[in-house]
2 protein chains.
Amino acid sequence: MVEKRKPMAVREAVQSVMNVEYTPRQEYVPLENSYGRVLAEDLVADHDVPSFDRSPYDGFAIRAEDSAGANRNNPVHLHVVGEIGAGTVFDGEVKPGQTVRIMTGAKIPAGCDAVVMLELVHEHSDEEISIKRSFSPNDNISFQGEDTKKGSSLVAKGTTINPGVTALLATFGYAEVPVALRPRVGILATGSELLEVHEPLKPGKIRNSNAYMMAAQVERAGGEPVLLGNLPDDLEACTEAAKDALKKVDILITTGGASVGDYDYVPNILRELKATTLFNKVAMRPGSVTTVGETNGQLFFGLSGNPSACFVGFELFVRPILRRALFSQKPHLRKTKAVLGMDFPKPNPFTRLVRASLDDADGHFVVEPAGLDKSGSVTSIAGADVLIVLPGGTRGYEKGMSVDILMLEDHKGSEWPWENIVASYRS
Amino acid sequence: MVEKRKPMAVREAVQSVMNVEYTPRQEYVPLENSYGRVLAEDLVADHDVPSFDRSPYDGFAIRAEDSAGANRNNPVHLHVVGEIGAGTVFDGEVKPGQTVRIMTGAKIPAGCDAVVMLELVHEHSDEEISIKRSFSPNDNISFQGEDTKKGSSLVAKGTTINPGVTALLATFGYAEVPVALRPRVGILATGSELLEVHEPLKPGKIRNSNAYMMAAQVERAGGEPVLLGNLPDDLEACTEAAKDALKKVDILITTGGASVGDYDYVPNILRELKATTLFNKVAMRPGSVTTVGETNGQLFFGLSGNPSACFVGFELFVRPILRRALFSQKPHLRKTKAVLGMDFPKPNPFTRLVRASLDDADGHFVVEPAGLDKSGSVTSIAGADVLIVLPGGTRGYEKGMSVDILMLEDHKGSEWPWENIVASYRS
């Protein structure tokens, strides 16, 4: 009566999804719209920075040799032959005994090899200054290329654009920025129990929260969510909707109907679509009933209707595909370790992913499970910064033990977090 | 000749900015556009979750007492009197010896007090099942309110909306979400040396990178950047532009012209605007020439033209005002500790803020200065996840020492990070 499914290990399930080819694409956006997007090409310096020897201060450009022997009792007097405002240059060469007034960032004039800060100068008139100490050649000069040499690769493609990257893009003239095209991810909620968010509650019904939650997860991962609405439990309607959606989006996700009950249509939809089923059960909690199929190179994710199972299924299986589509070399959730801030007494026959909040005590990560850890729980997701990974076959964990965690609010990622997930031990 | 300025300690400078009143405002946006925005009101449960006793599995709802004594050799047979699909309810009461087929999430029918999973049932016909073990009352029931009680405050205002918060908003019917109005932050770059990003380089000139960088910083902090262009070093033009800008934006930032050179007009602009100068020098590196004024309740930030000084000035002084305008109770950069991954031999006569990249080794933060630590450097900003705070009056730091850090890519924040900034010690 009940279909038997063989659970696949998490790492194999993730690998089977990653084996499906997905070629990243790029587009150009104006620099001012590029914050938070992902670089589609390496950012390369097209010129030295600074692009000329320049003054780091407001002051006077001098020939260092002119200052030899200057001291408090024996100031050296120099003749001011010009002034260089920011953005202007001094034509000609500065001769012995001469100096030029110079602004921060301005180009050092020919003949000069040092800068005296304004604060160390006595200005006798517009044409004469004196200085009371000696300077060496190269004092107070920002040299051409000292920050960056032309041709340097500064930021790798696949990097999320932060304010510092923006500064570099501006410096190197990227008025239009090559960024990864955001994959379009269709989201289809199934289940006759679903109400729209604006509808009042009715007996036996719940509001559709998974679709909106996943739309936010898609945005966080860098994709473009396409909300395709709710469908009742009707195989034909669901199959038609899925077929239609696959023409409009790059990746399709459904929530609900992935289990083995009478109204769980995901296996039948995959059959109708002539899709290859990569797996339909994973040896993990929550999210064991996650089903993933592939049809003509497109991925179809049939996630659980339980909010937390849906949440975890997205982060483990959908996110890495999205990040790879954004040129990331580290498409998976970033893995590190943390100390458990409270007991977690449940045994773990299968790999368990516990939604948890991350804190730090003087630079050490501490995690605590966020609220009620049931797969039907919606409130615990709001406080979740990380997923704690408790390997299958382990007994309960105690406060103070070291655990593996996957970070949800991070754009750096991991290359492959699924090796060396460690069983319980005291830190 | 040169104006004397008295440097203010960082904490006093930040406090003087925070003393200026700024009343947060709110607006409503559709749920699907709310990801990444900040809640303007506490999110409160308007109903219990679950809102009724429901089944966590596909199976059969039974009266537990009917299963008393059932075992492998003595199965109990029950009469199937109905079926509850998701979203439907069973009218009437289930009598002794009766059972109802039930789907995951459906409401437990009257009379029943336990659920038997489909896998543990033998279905003889549409009308008859048998079970081979006994169940206790309340077995496999998700009780009304077990996740969340009506009236619970679930997420505090000032919280950035993540996917889990989105799920809660959907569950509680927030089709429109009250979010903080993003403060409009005007950005005006001054300096005759500035080229537009699309312009080719010319001798003595550089492209305007600070304005775009700060626009991204404003976005990261949750504000709305308004790019107001570049202005040459012309006092009248700059003053007019500032006056005009203050009518259009909530907060105004200029970059450049904040020092004490001939072309540094910020003090004069503030005078023309009849603004109160909160400070014009801060005992820190970089960013010592940061000037902040207030006019009719509006803040005017005169940040340095040096990219790194501008960057640091924004994060220390502008960001907390923006976060407070977004209802945050922890408006400052989040402070924690990290281990220094390399030597930092420079002495620190003033508090030094070092742009650094954050990594972690098994749950311990490790930081390394990001590239060349000069205030004119632009490349080092791209790799900066954190600012290391080295207190004034300390000598060089060695690899392995513990240092205070401020986290740039974090939305949780600190209430007040400026106490207990510690001097050098070994961890």
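Thresholds, definitions, all that
- Residues numbered from 1 in each chain as written.
- Chains lettered and ligands numbered in written order.
- Predicted model: local features only at pLDDT ≥ 70, side-chain atom pairs only at ≥ 80, totals over all residues.
- Heavy atoms only, no water.
- Helix = DSSP H or I, 4+ residues; strand = E, 2+ residues; numbered from the N terminus.
- Rg over C-alpha atoms; globule rule 2.2 N^0.38 Å.
- Buried < 20%, exposed > 50% of the residue type's maximum accessible area, 1.4 Å probe, protein only.
- Contact = heavy atoms within 4.5 Å.
- Areas by Shrake-Rupley, 256 points an atom, 1.4 Å probe, with all protein chains shown as cover.
- Buried area = accessible area lost by both parts, 1.4 Å probe.
- Salt bridge = Lys/Arg side-chain N within 4 Å of Asp/Glu carboxyl O.
- Polar contact = N/O pair within 3.5 Å; in protein donor to acceptor, adjacent residues only side chain to side chain.
- Disulfide = S-S within 2.5 Å.
- Least-squares fit on C-alpha atoms with pLDDT ≥ 70 in both.
- Pairing = 2+ DSSP bridges.
- Domains from an automatic or database assignment.

**Points about the overall build of chain A**
Across its full length, chain A holds 7 helices and 24 strands. The C-alpha atoms of chain A give 31 Å as radius of gyration, which overshoots the globular expectation for 427 residues (22 Å, by more than 25%). Projected onto its principal axes, the C-alpha positions of chain A cover 105 × 50 × 40 Å. The buried share among the 427 residues of chain A stands at 56%. Counting contacts in chain A only where the partners sit at least 6 residues apart, residues at least 24 apart contribute 73% of the total. Carbon and sulfur atoms make up 47% of the accessible area of chain A, which totals about 17,000 Å².

**Thoughts on the interface of chain B and chain A**
Every contact between the two is made by 90 residues of chain B and, on the other side, 89 residues of chain A. In this assembly, chain B packs against chain A so that about 7,200 Å² is buried in total across both faces, 59% of it on carbon and sulfur atoms. The largest per-residue losses of area from chain B upon contact with chain A belong to Y35, D147 and P163 of chain B, which jointly make up 8% of the total buried on that side. A salt bridge links K412 of chain A to D385 of chain B; the nearest nitrogen and oxygen atoms lie 2.7 Å apart. At the surface where chain B touches chain A, the tally comes to 13 residue pairs in polar contact (both at pLDDT 80 or more). Every element with two or more residues in the side of chain B that touches chain A is listed here: strand 9 (153-155), helix 2 (163-171), strand 13 (206-207), helix 3 (210-221), strand 20 (334-340), strand 21 (351-361), strand 22 (364-369) and helix 7 (379-382) of chain B.

**A short note on the state of the cysteines**
Residues and elements named next belong to chain A. Overall, the coordinates contain 0 disulfides over all chains when judged by the stated rule. Free cysteine C310: the closest other cysteine sulfur is in C238, separated by 15 Å. You can call C310 buried: its relative accessible area is 0%.

**Details of the relation of the copies chain B and chain A**
Of the transformation placing chain B onto chain A, the axial shift is 0.0 Å and the rotation is 180°, giving an RMSD of 0.1 Å. The operation mapping one copy onto its partner corresponds to a two-fold rotation axis. Ranked by how close their C-alpha atoms come to the rotation axis, the residues of chain B are headed by H364 of chain B, at 2.4 Å. Looking at the interface residues of chain B, 99% of them are also at the interface in chain A, so both copies use one shared face.

**Considerations on the pairing of strand 24 (residues 402-407) of chain B**
All names here are of chain B. Across the 6 residues of strand 24, 6 count as buried, placing the element largely inside the fold. Burial of the side chains of strand 24 extends over both faces: S402, D404 and L406 are buried on one face and V403, I405 and M407 on the other. In terms of strand pairing, strand 20 meets strand 24 through 6 bridges, oriented antiparallel. Bridge assignment links A338 to a residue of strand 24, and that residue is V403. Where strand 23 (residues 386-390) lies against strand 24, 4 bridges are found, and the strand directions are antiparallel. Of the residues in strand 24, the one forming a bridge with V386 is M407.

**Let's talk about the domain arrangement of chain A**
Per the domain assignment, the segments of chain A are domain 1 (10-25 + 182-325), domain 2 (34-49 + 148-180), domain 3 (59-131) and domain 4 (334-407). The C-alpha-based centres of domain 3 of chain A and domain 4 of chain A are spaced at 64 Å.

**Let's talk about the pattern of salt bridges**
Counting across every chain of the model gives 30 salt bridges over all chains. The salt bridge involving R63 of chain A is made with E65 of chain A; its shortest N-O contact spans 3.6 Å. Judged by relative accessible area, which is 15%, R63 of chain A ranks as buried. Exposure remark for E65 of chain A: the relative accessible area of 54% places this residue in the exposed category. Among the ionic pairs, E123 of chain B bridges to R101 of chain B, the shortest N-O distance being 3.0 Å. Residue E123 of chain B is found in strand 7 (residues 121-125), and its partner R101 of chain B is found in strand 5 (residues 98-102); the two are separated by 22 residues along the sequence. Taking relative accessible area as the criterion, R101 of chain B reaches 7% and is therefore assigned buried. Taken together, the shared-partner salt bridges in this structure form one network comprising R220, E315, R319 and E409 of chain A.

**So, unusual backbone geometry**
Following V49 of chain A, the chain continues to P50 of chain A via a peptide bond in cis, the omega torsion being -10°. Considering the arrangement of structural elements, one finds P50 of chain A in the loop between strand 2 (43-44) and strand 3 (59-62). The residue after R285 of chain B, namely P286 of chain B, is reached through a cis peptide bond having omega -10°. Look at F327 of chain A: it is not a glycine, yet its phi comes out positive at around 70°. Note on placement: F327 of chain A falls in the loop between helix 6 (307-325) and strand 20 (334-340). Despite not being glycine, K274 of chain B shows a phi value in the positive range, around 55°. Assignment of secondary structure puts K274 of chain B in the loop between helix 5 (266-272) and strand 16 (276-279).

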